[in-house]
Amino acid sequence: ENDAGDYTCVCGDKQSTASLAVHALPVLFKEELKNEEVLEGASVSLCCELTKAAPVQWKIGSKVLKASDKYQMRQPGTTAELVIHDLEVKDA
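Residues numbered from 1 in each chain as written. Predicted model: local features only at pLDDT ≥ 70, side-chain atom pairs only at ≥ 80, totals over all residues. Heavy atoms only, no water.

(A) Spatial organisation of the side chain of Glu81. Tracing the chain through its elements places Glu81 in strand E8 (residues 79-84). In this structure the side chain of Glu81 is engaged in a polar contact, spanning 2.5 Å, whose partner is the side chain of Ser45. Among the polar contacts listed, one links the side chain of Glu81 to the side chain of Arg74, at a separation of 2.3 Å. (Helix = DSSP H or I, 4+ residues; strand = E, 2+ residues; numbered from the N terminus. Polar contact = N/O pair within 3.5 Å; in protein donor to acceptor, adjacent residues only side chain to side chain.)

Next up, the structure:
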């Protein structure tokens, strides 16, 4: 998208200009989340990989999760990771 704009070829006193539009590809899941079974009190890491870097939002049901001592969110490049600490039965 940053490459969009007007490009000009100049030769002496002559020039030719063209406008370039770049349409963004949709973000897709390259690797989806996998089901996990973990013991109460442990921690778990849930990861997915996107086709390109984009902001993600983590949810449990309809509740949006916020970073806290319990929930850690990282997104290095195209990988999105949620770590849940001190798991309780109600976290299932």
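From this point, things continue past the structure.
(B) Structural context of the environment of Thr51. Topologically, Thr51 is positioned in the loop between strand E4 (44-50) and strand E5 (59-60). Of the residues examined, Thr51 reaches a relative accessible area of 43% and is grouped as partly exposed. Through-space distance from the C-alpha of Thr51 to that of Thr79 is 9.2 Å; in sequence the pair is 28 residues apart. Once residues lying within four places of it in the same chain are set aside, the contact partners of Thr51 are Pro26, Val27, Leu28, Lys30 and Thr78. (Buried < 20%, exposed > 50% of the residue type's maximum accessible area, 1.4 Å probe, protein only. Contact = heavy atoms within 4.5 Å.)

(C) Structural detail: the nonpolar core. Judged by nonpolar contacts, Val44, Leu46, Cys48, Trp58, Leu65, Tyr71, Ala80, Leu82, Ile84 and Leu87 together constitute the single largest core of 10 residues. Among the secondary structure elements, those contributing two or more residues to this core are E4 and E8. Residue contacts for Cys48: discarding those within four places in its chain leaves Phe29, Glu31, Glu32, Leu33, Thr78, Thr79 and Ala80. (Core = buried A, V, L, I, M, F, W, Y, C linked by side-chain atoms within 4.5 Å.)

(D) How the structure looks around the side chain of Asp91. Residue position: Asp91 is located in the segment after E8. Classification of Asp91 as buried rests on a relative accessible area of 16%. Polar contacts involving the side chain of Asp91 include one to the main-chain amide nitrogen of Glu88, which spans 2.7 Å. For Asp91, the contacting residues outside a window of four places in its chain are Ile60, Lys70, Tyr71 and Asp86.

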